[in-house]
Amino acid sequence: MSSMKREFSMKKGSSAEEGDSMEKGPSTEEVPSMEKGQSIEEVYSGKTVIRAQNINRIFPVAGGSFQALRDITLEIPKGHLTILRGRSGSGKTTLLNILGLLDQPTSGQVYIDGQDVGRLSEYAREELRRKQMGFVFQSVSLLPAMNVFQNVEFSIRMAGIRSGRKERAEECLRMVGLGGRLRHMPSELSGGEQQRVAIARAMAHRPRIIFADEPTAELDSAMGAEVARLFKEMCEKEKVTIVMTTHDVGLMGAGDTVLELESGCLKEGGSAMEERHSMEEGHSMEERHSMEEGSSKAEIPSREG
């Protein structure tokens, strides 16, 4: 039984421990303690910004269907950089789109600050995306007819912010090291510089969550590491939550949390601190993940039957 259902199954006056004892089997999830008068939404919003529960995504294909995600349950902590790792086709972009309200699951729930966003109207979902979320994509998609400053300022305007747009746009561009290139056109920038403009644009309207889909895929390793550093700095200075997908094992150490997907299933995740500890013991990042893949094959649910 999931932790959400456990809370609702408690009888009036029962404690969290009594609720646990009513379950048939041991719990695999830690349930936050509830203060008197707290709702389930308040409990989870205090610890996490996003909670996904039993997410499945099935796409129709010729002659049948394809299940891209299978029973994904996870939590994204506030103010952290969470990395979704996986090979091409593992389902990480599909999951990112669902968490960012760009797509809806076939079944399962997504909670943002404890609110079930599946119950929102499409207009409310759009408002949530526009005002509280930012997006960075593999293809930068800057507006070619606007200069660097205008691209960033435009995102602030789209969020409905009327004052301080100029100052905020300039602040964000300085933060990504482009304070001296405000009037340059996108075509005058390198690929890495364009991606940094995209990052400034995503954070300019002060979103609470930024979703980045393979933002370093078209960059060299040095620039990819710089983007990861920028994300970490944003989490610390802007108090923003960032969810980033990547298949680059060299970036794993940048994340506060690393979650791995394989064939649409969520493998047991580990923190970046655990990754670094393994390397200190003499294992490289590649060797560690190779060992994990070999030891966890039996744990991955079969896609057949």
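As the structure is a computational prediction, the values presented were derived from the model and not from experiment.

**Remarks on the overall build of the chain**
Scanning the chain for helices and strands turns up eleven helices and eleven strands. Residues counted as buried form 47% of the 305 residues belonging to the chain. Contacts in the chain between residues far apart in sequence, at least 24 positions, make up 70% of those at least 6 positions apart. Accessible surface, the chain: about 15,700 Å² in total, of which carbon and sulfur atoms supply 49%.

**Some remarks on the pairing of strand β2 (residues 64-77)**
Along a regular strand, successive side chains alternate from one face of the sheet to the other. Alignment of strand β1 (residues 48-61) against β2, held across ten bridges, turns out to be antiparallel. What sits directly across from Ala52, in β2, is Leu74. Once β1 ends, the chain turns through two residues before running back antiparallel as β2, passing Gly63 with a positive phi of about 80°.

**As for the pattern of salt bridges**
Counted by the stated rule, this structure contains 25 salt bridges. We note a salt bridge from Arg206 to Glu171, for which the minimum N-O separation is 3.8 Å. Placement of the pair is Arg206 in the loop between α8 (191-203) and β7 (209-213) and Glu171 in helix α7 (residues 165-175), with a sequence separation of 35 residues. Accessibility expressed as a relative area gives 51% for Arg206, which makes it exposed. Among the ionic pairs, Glu233 bridges to Lys237, the shortest N-O distance being 3.6 Å. Here Lys237 and Glu233 lie together in helix α9 (residues 221-238), a separation of four residues that amounts to about one turn. Among the residues examined, Glu233 registers a relative accessible area of 19% and is labelled buried.

**A word on the sheet that holds strand β4 (residues 107-112)**
Spatial strand order, β2-β1-β4-β5: four strands in an open sheet with antiparallel pairing. Because the sheet does not close on itself, it has two edges, and the strands there are β2 and β5 (115-116).

**Some thoughts on the packing of aromatic side chains**
For any pair of aromatic rings, geometry is given as the distance between the ring centres together with the angle between the planes. Taken as a whole and judged by the stated rule, the model has two aromatic pairs. Look at Phe135 and Phe137: their rings are 6.0 Å apart centre to centre, the planes differ by 5°, and that puts the pair in the stacked class. The interplanar angle of 20° and the centroid separation of 5.6 Å between the aromatic rings of Phe135 and Phe211 together place this pair among those described as stacked. Of this pair, Phe135 sits in strand β6 (residues 133-136) while Phe211 is found in strand β7, placing the two residues 76 residues apart along the sequence. Overall, Phe135 belongs to the buried group, its relative accessible area being 18%. The class of Phe211 is buried, set by a relative accessible area of 1%. Counting every residue linked through ring pairs, the aromatic cluster contains Phe135, Phe137 and Phe211. Arg183 extends its terminal NZ or CZ atom over the ring of Phe149, reaching a point 4.9 Å from the ring centre.

**Here's the deal with the nonpolar core**
The biggest cluster of nonpolar side chains holds 40 residues, and the ones touching the most others in it are Leu81, Leu173, Ile199, Ile210, Phe231, Met234 and Ile242. Counting only elements with at least two residues in this core, the list comes to β3 (81-85), α6 (148-158), α7, α8, β7, α9 and β8 (241-246). Apart from the residues within four sequence positions on either side, Leu173 is in contact with Val148, Phe149, Val152, Leu178, Gly179, Leu182 and Ala200. One finds Ile72, Leu74, Val117 and Val243 within the second-largest nonpolar core, a separate group that totals 25 residues.

**Topic: the confidence of the model for the chain**
Here the chain averages 79 in pLDDT, while 72% of its residues score no lower than 70. Between residues 1-45, whose pLDDT stays under 50, and residues either more than four places distant or in other chains, the model counts 52 contacts. Predicted confidence for residues 269-305 stays below pLDDT 50, and this span has 46 contacts to residues more than four positions away or in other chains.

**Re the packing of α6 against α7**
The contact between α6 and α7 brings their axes to 9 Å, and the two run at 125°. One way to sum up the angle between α6 and α7 is to call them oblique. Seen from above, α6 lies across α7 with right-handed handedness. Across the interface between the two elements, Val148, Phe149, Val152, Glu153, Ile156 and Arg157 from α6 touch Arg165, Lys166, Arg168, Ala169, Glu170 and Leu173 from α7. When its residues are assigned to classes, the contact of α6 with α7 shows six nonpolar, no polar and six charged.

**As for the side chain of Asn151**
Examined against the element boundaries, Asn151 turns out to sit in helix α6. On the basis of relative accessible area, Asn151 is assigned to the buried category, the value being 2%. At 2.7 Å, the side chain of Asn151 and the backbone nitrogen of Leu143 are in polar contact. Not counting residues within four places of it along the chain, the set of residues in contact with Asn151 comprises Leu142, Leu143, Met146, Pro186 and Arg201.

**A closer look at the environment of Thr246**
In this fold, Thr246 is placed in strand β8. Residue Thr246 is classed as buried on the basis of its relative accessible area of 0%. In this structure, the C-alpha to C-alpha distance between Thr246 and Glu214, residues 32 residues apart in sequence, is 4.9 Å. Setting aside anything within four residues of it in sequence, one finds Thr246 in contact with Ile83, Leu84, Arg85, Gly86, Lys92, Glu214, Thr216, Leu251 and Met252.

About the criteria used
Residues numbered from 1 in each chain as written. Predicted model: local features only at pLDDT ≥ 70, side-chain atom pairs only at ≥ 80, totals over all residues. Heavy atoms only, no water. Helix = DSSP H or I, 4+ residues; strand = E, 2+ residues; numbered from the N terminus. Buried < 20%, exposed > 50% of the residue type's maximum accessible area, 1.4 Å probe, protein only. Contact = heavy atoms within 4.5 Å. Areas by Shrake-Rupley, 256 points an atom, 1.4 Å probe, with all protein chains shown as cover. Pairing = 2+ DSSP bridges. Salt bridge = Lys/Arg side-chain N within 4 Å of Asp/Glu carboxyl O. Phe/Tyr/Trp six-rings, centres within 6.5 Å; stacked < 30°, edge-to-face > 60°. Lys NZ or Arg CZ within 6 Å of the ring centre and 35° of its normal. Core = buried A, V, L, I, M, F, W, Y, C linked by side-chain atoms within 4.5 Å. pLDDT = per-residue confidence, 0-100. Axes fitted to C-alpha atoms, helices over the stretch in contact; angles between N-to-C directions. Parallel < 35°, antiparallel > 145°, perpendicular 65-115°, else oblique. Left-handed = near helix turned anticlockwise from the far one by under 90°. Nonpolar A, V, L, I, M, F, W, Y, C, P; charged D, E, K, R; others polar. Polar contact = N/O pair within 3.5 Å; in protein donor to acceptor, adjacent residues only side chain to side chain.

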